[in-house]
Amino acid sequence: MLTIYAGKNALKQINENGFTPGLFSAMYGASGGPKWFTLFGLDKFIFGEFFKNTTQTINLVGSSAGAFRFAALSQHDPVTAITALAEIYSETVYSKNADAVEVTDKAKALLDAVFSEQGIEESLNHPVFKPHFIVAKCRGLTSYDHKIPQILGLIGSILLNRVNRGLLAKQYQRFVFHAPNSPLKVSDQYRFNNQYISLNSVNYKQALLASGSIPLVMQGVKFIEQAPTGMYRDGGLIDYHFDVNLPDNKGLILYPHFNNQPKPGWFDKTSKRQVSIKHYENVVMLCPSTKFINSLPFKKIPDRKDFTTMEPQERVAYWQTVLTQSEQLAESFAQFIRTPDINKIVPL
C-alpha cells in the first residue's frame, strides 16, 4: 500500500545505517488541500510512534496544507491535534456559491478550534519539532483582493512561469515564518529574495492563515505582526511541492507525499517542469501506491474540486472514508520499520 522512494545520498545512508529515526533532521509538508487526507494515518504514526523518543531537532518545513499539518503535529499531543484538524476540515461545508469572505471566515474558525493559546505555545517552544511556514508576499496585480486585477496578475504569473520559473520573483517573495531562534535557511536557483520572520504568539495564526490563503478562493492576509506591510498569500504559489535545498540541514529529509511526481510551484501543476533531482538526494518520500489509490472511493485521492462536484453529505462521507483507509499506509510503514527490507526502497 505504501511505496518508499529515496534519493542517492539517502539510499546510501540507509544502506549503511538502517532505517532509523536518527537519520532524519527535517520534514517537508506540501500544499494540496484535502489531498493530505491520504497521509493522515502516516502523520499520526510518524509523530506518535516513529519520532516518539527522538531528542534531536526535526525542522518541519510546510506550505499551505503542509503548514497546517505541521502546526498541529508540533503540539505536545500531535495525534489529538492532527485528528481535530482532519475532522473539522473534512466536515466543513460551504454555501452553494461561497465567496472568498465565507471561505476565509471558516478557515479562521478552524484555526481557532485547532490552535488554542496553549497549543501555539507548545508549537513555538517544542524541544524537538521546529515549524516553518512558507508564505508568498505578493507584488503588483496579484496583491489585489478584487478578482479582476487578481486574475490578470495570475495570468501574468502563468506566462512568466512558462518562460522561466525564476521570473516569478518579480511577483512573489518567499517569507519563511519560523520557530524562535531557528537558523534553518532555504535556498534555490530562482532568487525569491527570502525573508525570515520569527513566529510568536501574535503572528502565529496570521502566518498560518496566510500560508493557506489560496488566490481567488480566499482573501489574502494584509497584515502579519513583525512582517512588512503587504499582501500575503498561499506559500504553495512558490513552494507547491518543494524544489529547494536546505543547506544547514545535516540529516535526511522525510517527506510523506500524496504522489511521487512533486511539482516545484503552484503554476507548474499542469506543466512538464519537474523538481531538480539534486534537491532530492537527501530525501525519503513515503507515497501511497497506485493499488492504494485505486482502493479508495472513486479511485482517487481527495481534492478541492470535491467541494463543488459533490453534495456535502457525499463528500464528507468520502473524505472520512479516506481518513480511515489512510491507516493502511501507516500500517505498511510500521511493518517496514519492524522488518526493514532495503530492497523495497525505490531510488529517486
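Scroll up a little and you will see the structure.
On a predicted model such as this, the values are computed, not experimentally measured, just so you know.

1. A word on the pairing of strand E8 (residues 252–256)
Side-chain positions along a regular strand alternate between the two faces of the sheet. Within E8, five of the five residues are buried, which leaves the element mostly enclosed by the surrounding structure. For strand E2 (residues 24–29) and E8, the ladder comprises three bridges, and the chain directions are parallel. Bridging across to E8, alanine 26 finds its partner in isoleucine 253. Bridge count for E8 against strand E9 (residues 283–288) is four bridges, and the pairing is parallel. Across the sheet, isoleucine 253 pairs through a bridge with valine 283, a residue of E9.

2. Structural notes on the side chain of glutamine 75
For glutamine 75, the location among the structural elements is in the loop between helix H3 (65–73) and helix H4 (78–90). Given the relative accessible area of 8%, glutamine 75 is considered buried. Those residues in contact with glutamine 75 that lie beyond four places of it in its chain are Ala81, Val114, Phe115, Gly119, Glu122 and His126.

3. Re unusual backbone geometry
Phi is positive for asparagine 181, close to 70 degrees, though the residue is something other than glycine. Mapped onto the fold, asparagine 181 is located in the loop between strand E5 (172–178) and strand E6 (195–198). Take asparagine 181: its relative accessible area is 75%, and that puts it in the exposed class. Even without being a glycine, leucine 216 presents a positive backbone phi close to 70 degrees. Its place among the elements puts leucine 216 in the loop between helix H8 (204–211) and strand E7 (231–234). Judged by relative accessible area, leucine 216 falls into the partly exposed class, the value being 29%.

4. Here we look at a nonpolar patch on the surface
A surface patch of nonpolar side chains, about 660 Å² in accessible area, is lined by Leu141, Tyr144, Ile148, Ile151, Leu152, Ile155 and Leu159. For tyrosine 144, the position within the fold is in the loop between strand E4 (129–138) and helix H7 (147–163).

5. As for the pattern of salt bridges
For the structure on display, the rule yields 13 salt bridges. Between glutamate 327 and lysine 44 there is a salt bridge; the shortest N-O distance is 2.5 Å. Placement of glutamate 327 in helix H12 (residues 327–338) and of lysine 44 in helix H2 (residues 40–50) is noted, with a sequence separation of 283 residues between them. Judged by relative accessible area, which is 34%, glutamate 327 ranks as partly exposed. Look at lysine 44 and you get buried, because its relative accessible area is 18%.

6. Describing the packing of aromatic side chains
Any pair of aromatic rings gets described here by the distance separating the centres and the angle formed by the planes. Inspection of every chain in the model, using the stated rule, returns 32 aromatic pairs. Judged by centre distance (5.4 Å) and plane angle (85 degrees), the rings of tyrosine 28 and tyrosine 255 are edge-to-face. Here tyrosine 255 lies in strand E8 and tyrosine 28 lies in strand E2, a separation of 227 residues in the sequence. For the pair tyrosine 28 and tyrosine 255, one class covers both residues: buried. Aromatic pair phenylalanine 298 and tyrosine 318: ring centres 5.0 Å apart, planes at 85 degrees, arrangement edge-to-face.

Rules of the game
- Residues numbered from 1 in each chain as written.
- Predicted model: local features only at pLDDT ≥ 70, side-chain atom pairs only at ≥ 80, totals over all residues.
- Heavy atoms only, no water.
- Buried < 20%, exposed > 50% of the residue type's maximum accessible area, 1.4 Å probe, protein only.
- Helix = DSSP H or I, 4+ residues; strand = E, 2+ residues; numbered from the N terminus.
- Pairing = 2+ DSSP bridges.
- Contact = heavy atoms within 4.5 Å.
- Patch = residues over 30% accessible without salt bridge, like charges linked within 9 Å, V, L, I, M, F, W, Y side chains within 5 Å.
- Areas by Shrake-Rupley, 256 points an atom, 1.4 Å probe, with all protein chains shown as cover.
- Salt bridge = Lys/Arg side-chain N within 4 Å of Asp/Glu carboxyl O.
- Phe/Tyr/Trp six-rings, centres within 6.5 Å; stacked < 30°, edge-to-face > 60°.

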